4 protein chains.
Amino acid sequence: MIRVGINGYGTIGKRVADAVRAQPDMEVVGVAKTRPNFEAQSAVDKGFDLYAAIEERKPRFAEAGIDLAGDVEELVEASDIVVDACPSGIGADNAGMYREYDTPALLQGGEDAEVVDSSFNARSNFDTVEGDDLVRVVSCNTTGLSRLIAPLQEEYGIEKVRTTLVRRGGDPAQSDRGPINDILPNPVSLPSHHGPDVNTIFPELRIDTLGLKVPATLMHMHSVNVTLESEPSAAGVRDLLESEPRMFVIPEWLGLDGAGAIKELAQDAGRPRADIWENCIWGESISVESGSSSIRADGEVVSDLYLFQAIHQESDVVPENVDAIRAVLGEADQAESITTTDGAIGLDEPLVRR
Amino acid sequence: MIRVGINGYGTIGKRVADAVRAQPDMEVVGVAKTRPNFEAQSAVDKGFDLYAAIEERKPRFAEAGIDLAGDVEELVEASDIVVDACPSGIGADNAGMYREYDTPALLQGGEDAEVVDSSFNARSNFDTVEGDDLVRVVSCNTTGLSRLIAPLQEEYGIEKVRTTLVRRGGDPAQSDRGPINDILPNPVSLPSHHGPDVNTIFPELRIDTLGLKVPATLMHMHSVNVTLESEPSAAGVRDLLESEPRMFVIPEWLGLDGAGAIKELAQDAGRPRADIWENCIWGESISVESGSSSIRADGEVVSDLYLFQAIHQESDVVPENVDAIRAVLGEADQAESITTTDGAIGLDEPLVRR
Amino acid sequence: MIRVGINGYGTIGKRVADAVRAQPDMEVVGVAKTRPNFEAQSAVDKGFDLYAAIEERKPRFAEAGIDLAGDVEELVEASDIVVDACPSGIGADNAGMYREYDTPALLQGGEDAEVVDSSFNARSNFDTVEGDDLVRVVSCNTTGLSRLIAPLQEEYGIEKVRTTLVRRGGDPAQSDRGPINDILPNPVSLPSHHGPDVNTIFPELRIDTLGLKVPATLMHMHSVNVTLESEPSAAGVRDLLESEPRMFVIPEWLGLDGAGAIKELAQDAGRPRADIWENCIWGESISVESGSSSIRADGEVVSDLYLFQAIHQESDVVPENVDAIRAVLGEADQAESITTTDGAIGLDEPLVRR
Amino acid sequence: MIRVGINGYGTIGKRVADAVRAQPDMEVVGVAKTRPNFEAQSAVDKGFDLYAAIEERKPRFAEAGIDLAGDVEELVEASDIVVDACPSGIGADNAGMYREYDTPALLQGGEDAEVVDSSFNARSNFDTVEGDDLVRVVSCNTTGLSRLIAPLQEEYGIEKVRTTLVRRGGDPAQSDRGPINDILPNPVSLPSHHGPDVNTIFPELRIDTLGLKVPATLMHMHSVNVTLESEPSAAGVRDLLESEPRMFVIPEWLGLDGAGAIKELAQDAGRPRADIWENCIWGESISVESGSSSIRADGEVVSDLYLFQAIHQESDVVPENVDAIRAVLGEADQAESITTTDGAIGLDEPLVRR
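Being a predicted model, the structure only gives us computed values, none of them experimental.

Thoughts on the overall build of chain A
Then step 1. Scanning chain A for helices and strands turns up 12 helices and 16 strands.
Then step 2. Here chain A has a C-alpha radius of gyration of 21 Å; the compact-globule value for 354 residues is 20 Å, and the two agree.
Then step 3. Counting only residues that meet the buried cut, chain A has 65% of its 354 residues in that class.
Then step 4. Restricting the contact set of chain A to residue pairs at least 6 apart, pairs at least 24 apart contribute 72%.
Then step 5. In chain A, 30 positive and 62 negative side-chain charges are present, and the distance between their average locations comes to 6 Å.

This is the structure in structure tokens:
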């Protein structure tokens, strides 16, 4: 059994804890949290040992009547590997602690790529991180883009990716985040940092991205253009994507018009926390445009693929973290790990049974 | 086993179907739906027999590849009781069908009180509906108010209730509903119809209500004033409410600042669809104000109770529908039914374990 | 001519500057600002002398190419009176500077009542602030409530006010404020601080208030209950309110369903910045409820008045600031000042001409 | 004087009426409206003769106490040209009436291109519509794209345009429109109809568009990619765009982060209804990417231009309608008309004076 510690028990950490516990080859040593709130209580209710992430705040747990199992350092020491799910920037601060205890650690996508030895996406570069000390599971958006790019790259070749990321302003419980009634260029300067982040997984890929922020909380939306180095049919692309793991190509007849409806479906399907671990691609949106200027210098035919995909920012990286644990420790190969991960959490069961 | 048919498989109907199936003394005969969409498929995936609510639309199910068990009339005939969870106004249209087949039916709170024999709230008037043909389970808002009013009435006496209902504009998947950026008096004329609706449960109660609509989807919020015919302490009121079933008095230390956080907690607790069947009352908000003019003509002391409660519009009436089935058929008394209902769906397990 | 300095040139300050400039008996000495942004440029474009509110930031104005007339201290010294429209809390910090230069100052409603000599509302207590050094023009919400309470108090007597304030989450350009999709008790503990703030204007009034925050930016909404010490007709109350200055009783036939429509009307009417300086009360919402328990110990008849009013948080205090200038300096009596203020800015012209 | 009738007095019609009235060579014969509401009253308050668009509804105006000048047919007959600003689809229905009275008419962009003789954008094809009977002023989004495409096309050549239109869900006063908390592919099938609409102005242009709908009311946002047939610097593109009429390239130092801030600036600048007739392009966002695969078959160098532009859906077509009047009637050439239009309404005065 791989002994996994979870440092940070918020949106990502609590989901990773549940997913790890569900794996046949892993156990959760404990979870670390900075302050006693409803999530800390929930960890206790679920039977996770709770560790104090900040020593001087331990009395606050005592006041709230929440028992602690120890300090985060003890958790790190007792773990074979740590998943750091702390807020952006804190993971980098924690890197020294992980090195000190010689415990490999997974950081999240909010950390800078320079902080880590490598970046990880299960579909795209599973085999490249074994033995690394600090590995970054790329962000929800980069995960979503990587899963899409990998099969397109392999099957058709990619000349260039151009994507607008229309991002949710905050998660459902983040009541202090805006905007309330605006559409914000974010960042204003172009191309955005999301493209270079994808390049940590696909170093040679030409990709330009643009980011916006809007008053919605449920999912991110990607407006995707991929100039392919060939000219497949839309139906062909759709078949390809439907055959990929962690990909939900939405059939037209379901009548899902946005993130609200997708989440409703996930609730009805009994998904924990209504999580949608898959990329959600509207089948109807997949289209391929070509034309007279699509012959390149080398005689190659190109075409423009377009599609919309929705990404559940709270959960799509969860199975990726689980896979990264095995990849770093060399405990399984890609296919085996993905199959195990998905089977254990129910991701192998489609949102709609046919 | 009570054979229950569900006519209408949307927000309420699908939840009632799951809740009925979970009961030890009930079974779901089938569910009726007007059109094939993701919810129809979900019904099939869950193994519910699906009936066509509108005969001429049956070919659309066939086109979508969804098998039907028959017409809604067959469902009504085969059922001991029907829960009608159709959109507002359709329930009244269906009343003739239920009478024709001599099947008692529960309508929902969107129907007019004049359409039915009686209105129902499990906490307040369980014993009054046995043998009625058409019973209305009052709306989410009226259910929430009734659960609060009943114990206050019994314990302290109520001179008057004044409540502002700040209502969500639409449910999470109702993407065609607004407003986007406004606060709407709704209805504009005062007092609103919500007060008279509460009077279908508490005929003698003096209650004035005001309704607003805002750009939120998660829960309704009630800003409640109750002028009590005595002068309890806030702590006393809190103790009273904490001892009530289907009531979640939010402890301060949980740090729940609004509906987003409450839903997050429900997700973490593993509630199906993150449903919150309970009234959610902020413990910190409970306050009692009195003063010099609080002596009435009859020498009675009065005081003003204030509190905020959030109501999950999609689910608080679900256990009420289950209880109403037993109440109408005379299959259990109030305490027995509530205990059975809550135990079967997990409502007896608190959102926070201490 | 009264020489007026404006310290703070944001939402309130820029509006007060325009309103002061429009007065026949006042001139704007200059405006002070902390940083060079579009509002600073706009001040320059309008021909206002610009002063640096923070000395060490003066180079940033130079870098942005914006000319400064001097430091804020020079502005204070050159002014007969200063309107401090700085963010909440800064006004209190500035109090020492105003005293040092012996310049009377008006602070805004975000400051604590303890900081100032007196609180001000033109309709309610114009005559009480003459000669005071530091006067607080009460907040947008308290201004709106005071204008409503004063005539009701005078005409009918008030037993108690109970009001729920459904507040906008942020102003239209405050893109960093939430919530996006929530309804927040704010503050959670009841009654809220708004009631005591109204008591700075009406010390004897019994008033309990509750506050909520919602995802809207245009106006606040008050759900008002006033228990009156008499039993007027709704029509009588409506006539009374229609005869009040700075009060817009919305006729039904206009079809204004919320703040968006009111702002649209203000735009169409050519109001600067679409400002709505008046309380906006839905005529249709005005209702009076009485009943059997409405006889008090002293034999007095009481009744419950209900209504909805919308308050434009960005502008309703603007004419109040102008009046406060004259009131503090003893330059005009109440009626004269209100008439002059309203005539100069166009508030005497109704939003609808009949 | 050109006698102009306005049929439809809503969001667009009322703005066009004001703009036409401001022109030195035009007069407003009258405006037609279907029902008496605050906008009808506002038309009367402004001194516009009001005509009934639907004869049988005339009594409703009488009931509301609003005087009518006659029926819409009389307005059409008395006008040299009519601007039809009716809701989408009604303009097409009205086409027969305009032909019957032999009055040329301008329809709006919501009408199908097949209904009209030609489509119009002042910057791009002013000279092509003279003498046409029915001319369509293209939609707000197509107007915004056309103004941007024309100079890029002329200066650099365009290989292809790819644009994601993130559209506001409704206008500020349209309280019945959603979504409240979602991001909707709209339309789901790609490419969207916006591209072909641009082709009514630029028939040869290769353009693919994608549309989304979000919970915002203030402006649309375009995430623009233009593959140029040359490789200019970003600074060069910026200079080009800054020199264009009806184009506001936002300087960084203004600190405008979204539509809310832009509208605030327009309010401060005293723009009527805070209208922003210009394309608003974030200067900082303008970027040009090139690279190894940017050599095409014909040896041509290409590069990818990216930028964000915000479009005020309520007003950017207003000056276009005014120009179209002169273009159709042959009363002025392009430069003369644009200069006259902009000078008369104040569009020649920049939002920031330097």
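Further notes follow.
Some words on the pairing of strand β12 (residues 220-228) of chain C
Residues and elements named next belong to chain C.
Then step 1. For β12, the tally of buried residues reaches 9 of 9 residues, placing the bulk of the element in the interior.
Then step 2. Alternating residues of β12 divide into H220, H222, V224, V226 and L228 and M221, S223, N225 and T227, and every residue in both groups is buried.
Then step 3. The pairing of strand β9 (residues 158-168) with β12 spans 8 bridges and is classified as antiparallel. Across the sheet, V166 pairs through a bridge with M221, a residue of β12.
Then step 4. Strand direction decides the pairing type here: β12 and strand β16 (residues 303-311), joined by 9 bridges, are antiparallel. The partner of S223 across the bridge, within β16, is F308.

Thoughts on the pattern of salt bridges
Then step 1. Applying the stated criterion to the full structure yields 111 salt bridges over all chains.
Then step 2. Between E39 of chain B and K14 of chain B there is a salt bridge whose closest N-O contact spans 2.6 Å. A residue pair is termed long-range when its members are at least 10 positions apart, and E39 of chain B in helix α2 (residues 38-45) and K14 of chain B in helix α1 (residues 11-22) qualify at 25 residues. For the pair formed by E39 of chain B and K14 of chain B, the shared burial category is buried.
Then step 3. Here D71 of chain D ties to K58 of chain D by a salt bridge, and the two come within 3.0 Å at their closest N and O atoms. With a gap of 13 residues between them, D71 of chain D in strand β4 (residues 70-71) and K58 of chain D in helix α3 (residues 58-63) connect regions that are remote in the sequence.
Then step 4. Through salt bridges with shared partners, a single ionic network connects K14, D18, K33, E39, K46 and R273 of chain A together with E264 and D268 of chain B.

A short note on the sheet that holds strand β2 (residues 26-33) of chain C
All names here are of chain C.
Then step 1. Taking strand neighbours across the sheet as the criterion, the 8 strands line up as β4-β3-β2-β1-β5-β6-β8-β7 in an open arrangement whose pairing is parallel. Edge positions in the sheet fall to β4 (70-71) and β7 (118-120), since each of these pairs with one other strand and no more.
Then step 2. The pairing of β2 with strand β3 (residues 50-52) spans 3 bridges and is parallel. Bridge pairing links A32 to Y51 in β3.

Notes on the environment of A62 of chain D
Residues and elements named next belong to chain D.
Then step 1. Mapping A62 onto the fold places it in helix α3.
Then step 2. The exposure class assigned to A62 is exposed, which follows from its relative accessible area of 57%.
Then step 3. In sequence terms A62 and P104 are 42 residues apart; their C-alpha atoms lie 30 Å from each other.

Focus: the relation of the copies chain D and chain B
Then step 1. Taken as rigid bodies, chain D and chain B are interconverted by a rotation of 180° and an axial shift of 0.0 Å, the fit giving an RMSD of 0.0 Å. Such a turn and shift between the copies fits a two-fold axis. When each C-alpha of chain D is compared by its distance to the rotation axis, G178 of chain D comes out closest, at 2.1 Å.
Then step 2. Both copies contact each other with a shared surface, as 100% of the interface residues of chain D are interface residues in chain B too.

Considering the interface of chain D and chain B
Then step 1. Each partner contributes residues to the interface: chain D has 15 residues there, and chain B has 15 residues.
Then step 2. Both sides of the chain D and chain B interface together cover about 960 Å² of buried area, and 61% of this is carbon and sulfur.
Then step 3. A per-residue breakdown of the area chain D buries against chain B is headed by S175, I180 and T217 of chain D, which together make up 53% of the total.
Then step 4. Joining chain D to chain B, the criterion identifies 0 salt bridges.
Then step 5. Where chain D packs against chain B, one counts 0 residue pairs in polar contact (both at pLDDT 80 or more).
Then step 6. When the residues that make up the side of chain D that touches chain B are grouped by side-chain class, the tally is 6 nonpolar, 6 polar and 3 charged.

Brief notes about the pairing of strand β16 (residues 303-311) of chain B
Then step 1. Most of β16 of chain B is tucked away: 9 of the 9 residues are buried.
Then step 2. Side chains of β16 of chain B alternate between two faces, with S303, L305, L307, Q309 and I311 of chain B and D304, Y306, F308 and A310 of chain B buried alike.

Remarks on the interface of chain D and chain A
Then step 1. In this assembly, 51 residues from chain D lie in contact with 52 residues from chain A.
Then step 2. Carbon and sulfur atoms make up 59% of the surface buried where chain D meets chain A, a total of about 4100 Å² over both sides.
Then step 3. Between chain D and chain A we count 4 salt bridges in total.
Then step 4. A salt bridge links R162 of chain A to D304 of chain D, with the shortest nitrogen-to-oxygen separation between them at 2.9 Å.
Then step 5. There are 18 residue pairs in polar contact (both at pLDDT 80 or more) connecting chain D and chain A.
Then step 6. Residue classes in the side of chain D that touches chain A are distributed as 26 nonpolar, 14 polar and 11 charged.

Focus on the side chain of D323 of chain A
Then step 1. For D323 of chain A, the position within the fold is in helix α11 (residues 318-329).
Then step 2. Side chain to side chain, D323 of chain A and T341 of chain A meet in a polar contact 2.7 Å long.

A short note on unusual backbone geometry
Residue and element names in this part refer to chain B.
Then step 1. In this structure, the amide linkage connecting N186 to the following residue, P187, adopts the cis form with an omega of 0°.
Then step 2. Of note, P187 is situated in the loop between β10 (184-185) and α8 (194-199).
Then step 3. Look at the link from L190 to P191: it is a cis peptide, with omega at -15°.
Then step 4. On the secondary structure map, P191 appears in the loop between β10 and α8.
Then step 5. The phi angle at R246 is positive, at roughly 55°, despite the residue not being glycine.

Thoughts on helix α10 (residues 259-268) of chain B
Along an α-helix, a turn takes 3.6 residues, which lines up residues three or four apart on a common side.
Then step 1. α10 of chain B sits mainly inside the fold: 10 of its 10 residues count as buried.
Then step 2. Of the surrounding secondary structure, the elements contacted by the buried residues of α10 of chain B are α1 (11-22) and α2 (38-45) of chain A together with β13 (247-250), β14 (279-282) and β16 of chain B.
Then step 3. In the segment just after α10 of chain B, G270 of chain B is the residue with positive phi, at about 80°.

Focus: the sheet that holds strand β4 (residues 70-71) of chain B
Backbone-to-backbone hydrogen bonds join strands into a sheet, with any given pair of strands oriented parallel or antiparallel.
Residues and elements named next belong to chain B.
Then step 1. The sheet built from 8 strands is open, its strands ordered β4-β3-β2-β1-β5-β6-β8-β7 with parallel pairing. Each edge of the sheet is formed by a strand with only one pairing partner; in this case those strands are β4 and β7 (118-120).
Then step 2. Pairing analysis gives 2 bridges linking strand β5 (residues 81-84) to strand β6 (residues 105-107), with the strands arranged parallel. Each bridged residue has a counterpart across the sheet, and for V83 the counterpart in β6 is L106.

Quick notes on the packing of helix α10 (residues 259-268) of chain C against helix α2 (residues 38-45) of chain D
Then step 1. Packing of α10 of chain C against α2 of chain D brings their axes to within 10 Å, and their N-to-C directions diverge by 10°. When the axes of α10 of chain C and α2 of chain D are compared, the pair comes out roughly parallel. Two secondary-structure elements touch here, α10 of chain C through A261, E264, L265 and D268 of chain C and α2 of chain D through F38, E39 and S42 of chain D.
Then step 2. Residues of the contact of α10 of chain C with α2 of chain D, tallied by class, amount to 3 nonpolar, 1 polar and 3 charged.

Observations concerning the confidence of the model for chain A
Then step 1. Considering every residue of chain A, the mean pLDDT works out to 95; 97% of them sit at 70 or more.
Then step 2. Note on the complex model: pTM 0.97, ipTM 0.96.

Quick look at the packing of aromatic side chains
Then step 1. If you walk through the whole model with that rule in mind, you get 8 aromatic pairs over all chains.
Then step 2. One cation-aromatic arrangement involves R21 of chain B over F48 of chain B; the distance from NZ or CZ to the ring centre is 3.9 Å.

Overview of helix α9 (residues 234-242) of chain B
Residues and elements named next belong to chain B.
Then step 1. Taken as a whole, α9 has its buried residues at V237, R238, L240 and L241. Viewed along the axis of α9, the buried residues span an arc of 160°, placing them on a single side of the element.
Then step 2. In this structure, the buried side of α9 is in contact with α7 (140-156), β13, β14, β15 (287-289) and β16.

A short note on a negative patch on the surface
Residues and elements named next belong to chain A.
Then step 1. On the surface, E55, E56, E73, E74, E77 and E100 cluster together into a patch of negative charge.
Then step 2. Broken down by element, the negative patch gets its largest block of residues, 3 residues, from helix α4 (residues 72-78).
Then step 3. Looking at the element boundaries, E55 is found in the loop between β3 (50-52) and α3 (58-63).
Then step 4. With relative accessibility at 53%, the residue E55 sits in the exposed group.

What counts and what doesn't
Residues numbered from 1 in each chain as written. Chains lettered and ligands numbered in written order. Predicted model: local features only at pLDDT ≥ 70, side-chain atom pairs only at ≥ 80, totals over all residues. Heavy atoms only, no water. Helix = DSSP H or I, 4+ residues; strand = E, 2+ residues; numbered from the N terminus. Rg over C-alpha atoms; globule rule 2.2 N^0.38 Å. Buried < 20%, exposed > 50% of the residue type's maximum accessible area, 1.4 Å probe, protein only. Contact = heavy atoms within 4.5 Å. Lys, Arg positive; Asp, Glu negative; His and termini not counted. Charge placed at Lys NZ, Arg CZ, Asp CG, Glu CD. Pairing = 2+ DSSP bridges. Salt bridge = Lys/Arg side-chain N within 4 Å of Asp/Glu carboxyl O. Least-squares fit on C-alpha atoms with pLDDT ≥ 70 in both. Buried area = accessible area lost by both parts, 1.4 Å probe. Polar contact = N/O pair within 3.5 Å; in protein donor to acceptor, adjacent residues only side chain to side chain. Nonpolar A, V, L, I, M, F, W, Y, C, P; charged D, E, K, R; others polar. Axes fitted to C-alpha atoms, helices over the stretch in contact; angles between N-to-C directions. Parallel < 35°, antiparallel > 145°, perpendicular 65-115°, else oblique. pLDDT = per-residue confidence, 0-100. Phe/Tyr/Trp six-rings, centres within 6.5 Å; stacked < 30°, edge-to-face > 60°. Lys NZ or Arg CZ within 6 Å of the ring centre and 35° of its normal. Arc of directions from axis to C-beta. Patch = residues over 30% accessible without salt bridge, like charges linked within 9 Å, V, L, I, M, F, W, Y side chains within 5 Å. Areas by Shrake-Rupley, 256 points an atom, 1.4 Å probe, with all protein chains shown as cover.

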